[in-house]
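Residue-level listing of the chains:
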Amino acid sequence: MQIALVGIGKIALDQHVPALKASSDWTLAATVSRHGTVEGVPSFTGIEDMLAAHPDVRAVSLCLPPVPRFAAAQAVLRAGRHLMLEKPPGATLSEVHALQDMARASGVTIFATWHSRMALGVAAAKAWLAERPVRSGRITWREDVRKWHPGQDWIFEAGGMGVFDPGINALSILTEILPAPVHLTGAELDVPANRQAPIAARMSLSRGIEVDLDFRQEGPQTWDIELQTDAGTLSLRMGGNVLEIAGQPVEGQDDIMQEYPALYTRMAQLVRDGASDADLSPMVLVADAFTLGRRNVVEPFEF
Ligand code: NAP
């Protein structure tokens, strides 16, 4: 099936293009970006032009930042093509609900991806937790924004989500592996004096789960989830890729695909099945943190 990629920036070039080149399901037939291109692939600067020129492109994958994504997503669905969204799926919950309604009315697939849910230890963690209630937990997601998002000012603008841009990956894993939903009970957001979005945040969730997110981490980076149960502690480290139970590594996940190839395989399956997948539970927790969270003004931030 032919697919087009929109927003040729960091994640498109790092992950989407290699995953599509290796895919037996998809052919990258066109790109849309104002500046970015992919060698050997027809490129466009406007999405409407691409859609008109490529009626054979069945699906479009959007790698734009969340705020400009909605207009592009509407254009894709209006043209009757299947839609795949980078995380977070939009700038607001209501715009993603609107996209879901449009996709349903047009009979096309919408896939709101959460790449961290495809990390190597996640499925096994979910299976282990299915019958073991979580008593408490801690998420520590601390990374260096200058290293992972160099110069991406959009991330600190309204709708960019700040530290929740990586933090929502942790929440996507948590909401996937827990057998029952959690909700937010409190939050604190540290917002630089010259920015609109938080650079660090703490969240308290039901089931005694505490979340510590920080974009100012230099040196070793931490993407860990630890959940206490009566049968011992389950730890997912390295962004969900390393699973330990009661201090022992859990082996046997080598046959699982890397995150982005797995996302494109899932997208192909959804299209074949005429199905959609748009779970907004990680985004609900972030939206609730913005609603309920106390704000602290912290020192200005420059890249
Ligand atoms: P990025 O490189 O800053 O942006 C991607 C591309 O989108 C840009 O190169 C730009 O292409 C286009 N773009 C940027 N701002 C735009 C605007 N206002 N209007 C229209 N087009 C605009 O960002 P990214 O790191 O790839 O992240 C994109 C999405 O992927 C985000 O939602 C992020 O959460 C997610 N993601 C990122 C990473 C990561 O490690 N960076 C990992 C996983 C997921 P043109 O200028 O050529 O149009």
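Residues numbered from 1 in each chain as written. Predicted model: local features only at pLDDT ≥ 70, side-chain atom pairs only at ≥ 80, totals over all residues. Heavy atoms only, no water.

Draft legend 1. Focus on the packing of helix 7 (residues 164-177) against helix 9 (residues 281-292). Following both chains from N to C, one finds helix 7 and helix 9 inclined at 130°, their axes separated by 8 Å at the closest point. Overall, the two elements helix 7 and helix 9 adopt an arrangement that is oblique. Judged by the sense of rotation from one axis to the other, the crossing of helix 7 with helix 9 is right-handed. On the side of helix 7, the interface is formed by Phe164, Ile168, Leu171, Ser172 and Thr175, while helix 9 contributes Ser281, Pro282, Met283, Leu285, Val286, Ala289 and Phe290. Grouping the constituent residues of the contact of helix 7 with helix 9 by class yields nine nonpolar, three polar and no charged. (Axes fitted to C-alpha atoms, helices over the stretch in contact; angles between N-to-C directions. Helix = DSSP H or I, 4+ residues; strand = E, 2+ residues; numbered from the N terminus. Parallel < 35°, antiparallel > 145°, perpendicular 65-115°, else oblique. Left-handed = near helix turned anticlockwise from the far one by under 90°. Contact = heavy atoms within 4.5 Å. Nonpolar A, V, L, I, M, F, W, Y, C, P; charged D, E, K, R; others polar.)

Draft legend 2. Main features of helix 7. Between its first and last C-alpha atoms helix 7 spans 19 Å; for 14 residues at 1.5 Å apiece the expected length is 20 Å, and the two agree. Of all 14 residues in helix 7, 13 are buried; the element is thus mostly enclosed. (Expected span 1.5 Å × (residues − 1). Buried < 20%, exposed > 50% of the residue type's maximum accessible area, 1.4 Å probe, protein only.)

Draft legend 3. Structural detail: the pattern of salt bridges. Under the counting rule described, the total for this entry stands at 22 salt bridges. In this structure, the salt-bridge partner of Arg272 is Asp25, at a minimum N-O distance of 2.6 Å. Placement of Arg272 in helix 8 (residues 259-273) and of Asp25 in the loop between helix 1 (10-21) and strand 2 (27-32) is noted, with a sequence separation of 247 residues between them. In this structure, Glu226 and Arg237 form a salt bridge, with 3.1 Å as the shortest nitrogen-oxygen distance. Residue Glu226 is located in strand 11 (residues 222-229), and its partner Arg237 is located in strand 12 (residues 232-237); the two are separated by eleven residues in the primary sequence. Of the residues examined, Glu226 reaches a relative accessible area of 26% and is grouped as partly exposed. Overall, the relative accessible area of 23% leaves Arg237 in the partly exposed class. The structure contains a network of salt bridges with shared partners spanning Arg138, Arg142, Glu188, Asp190, Arg202, Asp212, Asp214 and Arg216. (Salt bridge = Lys/Arg side-chain N within 4 Å of Asp/Glu carboxyl O.)

Draft legend 4. The site of the ligand, seen in detail. Of all residues adjacent to the ligand, which total 25 residues, the nearest are Ser33, His35, Arg69, Trp154 and Asp165. Between an oxygen atom of the ligand and a side-chain N or O atom of His35, the distance comes to 2.6 Å. Between Gln152 and the ligand, the recorded distance is 2.9 Å, taken from a side-chain N or O atom to an oxygen atom. Relative to its unbound accessible surface of 880 Å², the ligand loses 81% to contact with the protein. More than half of the atoms of the ligand fall within 2 Å of the grid points belonging to the largest pocket. For the shell around the ligand, the elements supplying multiple residues, two or more each, are helix 1 and helix 3 (66-78). (Near = heavy atom within 4 Å. Polar contact = N/O pair within 3.5 Å; in protein donor to acceptor, adjacent residues only side chain to side chain. Areas by Shrake-Rupley, 256 points an atom, 1.4 Å probe, with all protein chains shown as cover. 1 Å grid on protein atoms, 1.4 Å probe; cavity = no way out; pocket = protein on both sides within 12 Å on 5 of 7 lines; lining within 4 Å. Sits in = over half its atoms within 2 Å of the grid points.)

Draft legend 5. Representation of the packing of helix 5 (residues 122-129) against helix 7 in the model. Closest axis-to-axis distance for the helix 5/helix 7 pair is 8 Å, and the angle between their directions is 40°. In terms of orientation, helix 5 lies oblique with respect to helix 7. Here Val122, Ala125, Lys126 and Leu129 of helix 5 lie close against helix 7, whose contacting residues are Ile173, Glu176 and Ile177. Here the residues of the contact of helix 5 with helix 7 are counted per class, giving five nonpolar, no polar and two charged.

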